[in-house]
Amino acid sequence: MKTVACLPLLLLLLLLSLAAPLRAAPSVGEAISALLVEEKLDGAVWATLEGEGAAGVSHAGRRTPMRADSRVHVGSIAKTVLAAGVLRLVSQGRLDLDTPVAPLLPALDFDNPWQAHDPVRVRHLLDHTAGLDDARLWHIFSGKADPDAPLAAAFPAGRGVLRVRTRPGARTSYSNMSYTLLGMVIEATVGQRYERYLDRALLAPLGMRDSTFTFVSQARDPRLAMGHFEGGVAHAAMPSYLRPAGQFTTTAGDMVRFARFLMGDGTLAGQSFIAPALLRRMGQGAGQEAARAGLQLGYGLGLRTVDRHGAVARCHGGNGIGFRAMLCLFPVPRQAFFIAINTDSETADYQRFDALLTRALVPAVASPVPPPAPVPRFESGPWLGFYLPAPNRFDTMRLVDSAFGFVRLHGNGGNLVFTPFQRAAIELVHEGGGLFRPRGKLLASHALLTSSDGRRIVTNGTQSYAQVPLPCLVLLWSSLAAGALGLVTIALLAGVRVARRRFAVADPLALPLAGMLALLLPLPFFYAQSLVRLGDLTVASALLAVVTALLPVAMAVGLARSLRRKASMDAAASLAVLQACVVLATGGLLPLQLWR
């Protein structure tokens, strides 16, 4: 009888013991709040299909709390929304994915060596396969951009901005210029500004009434969260030359409405809005070398298919002045998340937020990957070696990427190891054919293939690398190292002579030393100006161009004087720097003109 009487009490204790861990487990909101503190970030808004949330502050200086309906900037996620606008026009029959772009924009001059057979088409712009440069420095860092200026201002004649570097359609290379051109394509098609058209014809029907492509600043909209950099340094919004690629103001709620539509059948109120086949194609490469090789990861029509945190998703990230954001769709479990953080930090790990939301939405996908079935042995010998970006993302930095952006492919037993110079190595397991998968991932991430011109290529779907002979890299490294050693030698030799009071204006190293010291002159001017004006023609950037142009002249004069006086050490040092200057000039880095 006593045992029976105690049963209700025992059941109550059991229920309490089970409920205690549930109460102790932090919610997604609590976990995001904790991550903001750990990563030293200011605030965040987020949303899933189940609801919205906010944490932290929208303005660090005023300590204004972030609200779930706070408006935010999302940077390159604007591309996904703009791509939907293009797909709407395609679905209406007003535009075709295979339409060549040049006839639509006759005022622009495309430098396309493949123009006769492979013109740049609308789909190439959407898929980042047009072979165009990503952006110039002045496109991004400029105080001269006008939110009402014609989009053609981003493509001035005579600058070589629209140089096509790889055959259109062949390889993915992320390009903000491509999506700026899409803005111009929309304007040429509809006969009005792309902002006005997309706000009316895309955002309004989708119910995204808190969103706009029009430039919005914190001074004009108190609901817009302030952007921040490290240390809570606030920075207001600024217009951009490439605004179709990254100018978009929205809320977490609106982005989830957008995500729900993208995972649907393309209808609104029972009427077809965007063809479902086009929506399914978002995130899937089509026609690129990587896609033909069987790689499922890649970029297509405004989204990128990724394999992260134990799940496969279609995502797009973005960052702008003081913001970082991510939109991810999981079509199979029909889940999605959006998060925007109003701090752009170089040290914070934003992947922790994406991982948290992914695991909260699709925990079942995070199961261990089954061992692969036996596949035929892959003869990797010819593929081992060094590779360079082909093409690299920023054309003006091609020499820097050649020197420091290389990757090495080497063997490890039956596997391959993909080792970027500046990132951690990735061990790749053979999946069959030329496909390879990192351990713990769900899909193959890299493909080895031979391009149409016979070059060996390794690609991850969004960046391709071409094999290069090691002697070519060694020659480049040796040239730059010799130049650096020459500068050090000049400084040391001149310093010793100054200390011994044997240094005069007629010294062979007088002009080389003056040329070196002149490189310091622009520094105080750069320190005094804002970072966002780095790409403008200012006193700092003009002075930098002058002193970098004079450096090889100073070295050449020093070399001539050294040879006349038979000062072999002086001559060798000046020659070492001079040859490095020639290499830098060949790569477009000398004279250094940041506004070009």
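Owing to the predicted nature of the structure, the values given are computational and were not obtained by experimental measurement. (Residues numbered from 1 in each chain as written. Predicted model: local features only at pLDDT ≥ 70, side-chain atom pairs only at ≥ 80, totals over all residues. Heavy atoms only, no water.)

A.B. asks: What's the story with the pattern of salt bridges in this structure? I'm lost.
C.D. replies: Between side chains of opposite charge, a pair can form as their charged atoms come close. Applying the stated rule across the entire model yields 22 salt bridges. In this structure, R71 engages D221 in a salt bridge whose closest nitrogen and oxygen atoms are separated by 2.6 Å. Note that R71 is positioned in the loop between β3 (64–65) and β4 (72–73) and D221 in the loop between α7 (194–203) and β5 (227–229), a separation of 150 residues in sequence. A single burial state applies to R71 and to D221, both of which are buried. With a closest N to O distance of 3.5 Å, R533 and D536 form a salt bridge. A residue is classified by how much of its surface remains accessible, and R533, at 35% relative accessible area, is partly exposed. Looking at D536, the relative accessible area reads 3%, which means it is buried. (Salt bridge = Lys/Arg side-chain N within 4 Å of Asp/Glu carboxyl O. Helix = DSSP H or I, 4+ residues; strand = E, 2+ residues; numbered from the N terminus. Buried < 20%, exposed > 50% of the residue type's maximum accessible area, 1.4 Å probe, protein only.)

A.B. asks: Teacher, can you tell me more about the environment of L35 here?
C.D. replies: Positionally, L35 belongs in helix α2 (residues 28–38). Here L35 falls in the buried class, since its relative accessible area comes to 8%. Put simply, L35 and F353 are 318 residues apart on the chain and 7.5 Å apart in space, counted from C-alpha to C-alpha. Sequence-distant contacts of L35, defined by excluding residues within four places in its chain, comprise R352, F353 and L356. (Contact = heavy atoms within 4.5 Å.)

A.B. asks: So what exactly am I meant to see when it comes to the state of the cysteines here?
C.D. replies: Throughout this description, disulfide means a covalent bond between two cysteine sulfur atoms. The full count for this structure, using the stated rule, is 1 disulfide. Each disulfide pairs two cysteine sulfurs, and for C315 the partner residue is C328, the sulfurs being separated by 2.0 Å. Note on the C315 and C328 pair: the S-S dihedral is about 110 degrees, so by sign convention the disulfide is right-handed. Remark: C328 occurs in strand β13 (residues 323–330) and C315 occurs in strand β12 (residues 311–320); sequence separation between them is 13 residues. (Disulfide = S-S within 2.5 Å.)

A.B. asks: I tried to follow the sheet that holds strand β17 (residues 415–420) on my own but got confused; where do I start?
C.D. replies: Either a parallel or an antiparallel arrangement is found when strands of a sheet pair, and the pairing is made through backbone hydrogen bonds. The sheet built from 8 strands closes into a barrel, its strands ordered β15-β16-β17-β18-β19-β20-β21-β22 with antiparallel pairing. Ignoring which end each strand starts from, the neighbouring axes of this sheet average 35 degrees apart. The pairing of strand β21 (residues 456–459) with strand β22 (residues 464–468) spans 3 bridges and is classified as antiparallel. If you follow V458 over to β22, its bridge partner there is Y465. Sheet contacts for helix α14 (residues 470–499): β15 (385–389) and β22; angle to β15, the most-contacted strand, approximately 65 degrees. (Pairing = 2+ DSSP bridges. Axes fitted to C-alpha atoms, helices over the stretch in contact; angles between N-to-C directions.)

A.B. asks: It is not clear to me how the packing of helix α6 (residues 176–190) against α7 should be interpreted in this structure. Could you clarify?
C.D. replies: Helix packing geometry: the angle between the two helix axes and the distance between the axes. Here α6 crosses α7 at 75 degrees, and the two axes come no closer than 9 Å. Taken together, the axes of α6 and α7 are roughly perpendicular relative to one another. Packed against α6, whose contacting residues are G183, I186, E187 and V190, the element α7 presents Y194, E195, Y197 and L198 at the interface. A class-by-class count of the residues in the contact of α6 with α7 yields 5 nonpolar, 1 polar and 2 charged. (Parallel < 35°, antiparallel > 145°, perpendicular 65-115°, else oblique. Nonpolar A, V, L, I, M, F, W, Y, C, P; charged D, E, K, R; others polar.)

A.B. asks: Would you mind showing me how to read the side chain of T358 here?
C.D. replies: Tracing the backbone through its elements, the reader meets T358 in helix α12 (residues 351–361). The buried category is assigned to T358, whose relative accessible area is 3%. Non-local contacts of T358, meaning those with residues more than four positions away in its chain, are made with R308, H309, A311, F330, F337 and P363.

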